[in-house]
Amino acid sequence: MSAGPLAGVTVLDLTQIYNGPYATFLMAMAGAEVIKIEPPGGEQLRRRHGDGGATLPFAMLNSGKRCVVLDLKAEEDRAALLRMAAGADVLVENYRPGVMDRLGLSRDVLRGVNPRLICASGSGYGGSGPYRDYPAMDLVVQAMSGVMSITGEAGGPPLKAGPALCDFFAGIHLYGAIVTALFERERGGPARAVEVAMLEAVYPSLTSNLALLADKGSAFPGRTGNRHGGLSVCPYNVYPAADGHVAIICNHDGHWRAAARYFGHAELIDDPRFLRMTDRVANMDLLDGMVASWTAALPKEEIFQGLAAAGVPCAPVRELAEVVADRHLHERRALLDIEHPQFGAMTVPTSALCFEGIERGLRWPSRPLGADQALVQRPGGEESP
C-alpha cells in the first residue's frame, strides 16, 4: 500500500471489540501510524475464545496497527502512556464514561502533556445524560434505539438485526469526528475532543420507520418484515424464486413499468390499481402476491440479470459464503485473500474508503500481542523489553 492521506498522523488506540477498533482501522488503512495499546492478556476481542484465538474478527479490525501492552492500572505504565501521548496526534478509547478519569488519564491530564492531542471517545450513550453509566454493547443499543422493535415480521417478536449495526455505525461516525477534528486543528484551530454515542449514531437509520410513525401515530404497525420500513414503496420485498429468494425494489413508476414488462404483464401498467406509487401501496398485498407468483417460477439469477438489465433494483439473496467469494469485491480489492502468519488462510476486508491514486490493500496483517513493545519508552529512554 502507498502512503495514505493520514500518513504522519500518530494514533494511540485504547479501543476494544468492534466500535472503536473499526474507527482506528479506517485510520490505519488511510495511512496513520496506529499503535494499539492492550492490557496484559490482550483486549477482549483477542481473547474472546479464551485462548487468544479470536481469529477472524480480531484480524479484520486490527490490520495495519502496531501492538503493545500496557497495564494502565500500574503507575509505571500510565507514565509510559503519557510519554507516548506527548508525541501523538490522537488518542482513542471506548471505555465506559469515567474510566479514563479513574485511571488518572483525564483529558486535562492528557492535554497537559500534549495540548495538540485530540482525545476521542466512543460509548453506548455518551459522556453525559441519564443513560451515561449504563453498560452498552451492540445488542442492548439495538434494543434501546428501537432497531429491534422494527426488525422482524409483522405480528412476530422483535429481532436483532443480523450485523452489529450500532457498533459499526458508531465506529464510522467516530472516524469522521476524529478526521474532522484533525482538519480543524491543522487549519489552526484547537485540538478539540470528540465523542460518539452508539445510540445517536444509529438513530438516523430509522428514517423510513420514523416517517411511518409520524403518519400512523398510535396505529404504527412497528415491524414490517421485508417490506419498506415506511410502507410507502411497492413492490419492495423479498420474493420466492425457483431456487431461493430475490429482493426487488420499484422505487418509482418507471421501475414498476420496466418490471411489469420484464415479467410479461405490460397490461398492468395502465391498471388503475397500480398506476402510481400511492395506488400500488394501497394494493400492496395484492401486488406482492402477484409478483411472488411471477418470481416463483424463475431462477433467482435469471430474475436478477433480467431486471438489472431493465434498470430495476434487484439482487438474489446470497449466502455469506457466496459474498466472501464475490468476484466484484475481490476485483475491487475490497476483499483480500491472505495467509495470516498466526491464523492461516482467511479473507479480510480493506477499507471501504477509496482514495484516488492509492490502491486498496493491507499495510500488514494484525500483529501478535505485544509485537511492537519496543515502541514503549521507559524512563531514561530505554525501550520496553
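Residues numbered from 1 in each chain as written. Predicted model: local features only at pLDDT ≥ 70, side-chain atom pairs only at ≥ 80, totals over all residues. Heavy atoms only, no water.

- As recorded in an unreviewed UniProt entry, the protein goes by the name CoA transferase, listed as coming from Teichococcus rhizosphaerae.

1. Examining the sheet that holds strand β9 (residues 314-316)
Now for step 1: If you walk across this open sheet you meet the three strands as β7-β8-β9, and the pairing is antiparallel. Here the strands that pair on one side only, and so sit at the sheet edges, are β7 (236-241) and β9. Between one strand axis and the next, the sheet turns through 20° on average, direction left out of account.
Now for step 2: Taken together, the three bridges between strand β8 (residues 244-249) and β9 define a ladder with antiparallel strand orientation. Across the sheet, residue Val246 finds its bridge partner in β9, namely Pro316.
Now for step 3: Helix-sheet contacts for helix α12 (residues 284-295) involve β7 and β8, and the interaxial angle to β7 is about 35°.
Now for step 4: Each of β7, β8 and β9 is contacted by helix α13 (residues 300-309), which is oriented at about 160° to β9, the strand it contacts most. (Pairing = 2+ DSSP bridges. Helix = DSSP H or I, 4+ residues; strand = E, 2+ residues; numbered from the N terminus. Axes fitted to C-alpha atoms, helices over the stretch in contact; angles between N-to-C directions. Contact = heavy atoms within 4.5 Å.)

2. Some words on unusual backbone geometry
Now for step 1: Omega for the bond connecting Cys234 with Pro235 falls within 30 degrees of zero, at -5°, which places this linkage in the cis form.
Now for step 2: Tracing the chain through its elements places Pro235 in the loop between α9 (207-216) and β7.
Now for step 3: One non-glycine residue, Arg333, lies in the positive phi region at around 60°.
Now for step 4: A relative accessible area of 28% means that Arg333 is categorised as partly exposed. (Buried < 20%, exposed > 50% of the residue type's maximum accessible area, 1.4 Å probe, protein only.)

3. Details of the pattern of salt bridges
Now for step 1: With the rule as written, the count across this model stands at 19 salt bridges.
Now for step 2: Across the pair Arg318 and Asp326 runs a salt bridge, and its minimum N-O distance is 2.6 Å.
Now for step 3: For Arg318, a relative accessible area of 38% corresponds to the partly exposed category.
Now for step 4: Residue Asp326 is classed as buried on the basis of its relative accessible area, which comes to 12%.
Now for step 5: Close ionic contact of Glu359 with Arg333 constitutes a salt bridge, the shortest N to O distance being 3.8 Å. Of the two residues, Glu359 is situated in the segment after β11 (344-349) and Arg333 in the loop between α15 (327-331) and β10 (335-340); the sequence distance between them amounts to 26 residues.
Now for step 6: Glu359 sits in the exposed class, given a relative accessible area of 53%.
Now for step 7: Beyond isolated ion pairs, a larger network of salt bridges with shared partners links Glu33, Arg66, Arg367 and Asp372. (Salt bridge = Lys/Arg side-chain N within 4 Å of Asp/Glu carboxyl O.)

4. Brief notes about the packing of helix α1 (residues 19-29) against helix α7 (residues 165-186)
Two quantities define a packed helix pair, namely the angle between the axes and the distance from one axis to the other.
Now for step 1: One way to put it is that α1 packs onto α7 with a least axis distance of 7 Å and a crossing angle of 45°. Of the possible angle classes, the one that applies to α1 and α7 is oblique. Handedness of the α1/α7 crossing: right-handed. Contact with α1, carried on its side by Asn19, Gly20, Tyr22, Ala23, Leu26 and Met27, involves Asp167, Phe168, Ala170, Gly171, Ile172, Leu174, Tyr175, Ile178 and Leu182 of α7 and no other residues of that element.
Now for step 2: Taken together, the residues of the contact of α1 with α7 sort by class into eleven nonpolar, three polar and one charged. (Parallel < 35°, antiparallel > 145°, perpendicular 65-115°, else oblique. Left-handed = near helix turned anticlockwise from the far one by under 90°. Nonpolar A, V, L, I, M, F, W, Y, C, P; charged D, E, K, R; others polar.)

5. Observations regarding the environment of Gly8
Now for step 1: With respect to the helices and strands, the residue Gly8 is situated in the segment before β1 (10-13).
Now for step 2: By relative accessible area, Gly8 is classed as exposed at 69%.
Now for step 3: Note: C-alpha distance between Gly8 and Ala88 (80 residues apart in sequence) is 9.9 Å.
Now for step 4: Look past the residues within four positions of Gly8 in its chain and what remains in contact with it is Gly31 and Asp89.

6. Remarks on the pairing of β8
Now for step 1: Two elements, β7 and β8, share six bridges in a ladder whose sense is antiparallel. Its bridge partner being in β8, Pro240 is matched across the sheet by His245.
Now for step 2: The turn linking β7 back onto β8 is made up of two residues.

7. Quick word on the packing of aromatic side chains
Now for step 1: Counting across every chain of the model gives ten aromatic pairs.
Now for step 2: Here the aromatic rings of Phe263 and Trp294 are separated by 5.4 Å at their centres, their planes lie at 35°, and the arrangement is tilted. One end of the pair, Phe263, is in the loop between α10 (253-262) and α11 (277-282); the other, Trp294, is in helix α12, and 31 residues separate them in sequence. Pair check on accessibility: Phe263 and Trp294 agree, each one buried. (Phe/Tyr/Trp six-rings, centres within 6.5 Å; stacked < 30°, edge-to-face > 60°.)

8. Describing the domain arrangement of the protein
Now for step 1: Under the domain assignment used here, the protein contains domain 1 (10-204 + 338-381) and domain 2 (236-322).
Now for step 2: Each of domain 1 and domain 2 has a C-alpha centre, and the two are 42 Å apart. (Domains from an automatic or database assignment.)

9. Brief notes about the nonpolar core
Side chains of nonpolar character tend, in soluble globular proteins, to be buried together.
Now for step 1: The biggest cluster of nonpolar side chains holds 47 residues, and the ones touching the most others in it are Val9, Val11, Met27, Val90 and Ile178.
Now for step 2: With eight residues, the top contributor of residues to this core is α7.
Now for step 3: With sequence-adjacent residues up to four places away left out, Val90 is seen in contact with Val9, Thr10, Val11, Leu12, Met27, Leu117, Ile118, Ile178 and Leu182. (Core = buried A, V, L, I, M, F, W, Y, C linked by side-chain atoms within 4.5 Å.)

10. Describing α12
Now for step 1: With twelve residues, α12 should cover 16 Å at 1.5 Å per step; its first-to-last C-alpha distance of 16 Å lies within 8% of that length.
Now for step 2: Those residues of α12 lying buried are Met284, Leu287, Asp288, Met290, Val291, Ala292, Trp294 and Thr295.
Now for step 3: Its buried side turned inward, α12 meets β7, β8, α10, α11 and α13. (Expected span 1.5 Å × (residues − 1).)

11. Some words on α13
Now for step 1: Of all the positions in α13, only Lys300, Ile303, Gly306 and Leu307 are classed as buried. In a view along the axis of α13, the buried residues occupy a sector of 135°, so they form one face of it.
Now for step 2: Buried residues belonging to α13 abut β7, β8, α10, α12, β9 and α14 (320-324).
Now for step 3: Positive phi appears at Gly311, one or two residues downstream of α13, with a value of about 85°. (Arc of directions from axis to C-beta.)

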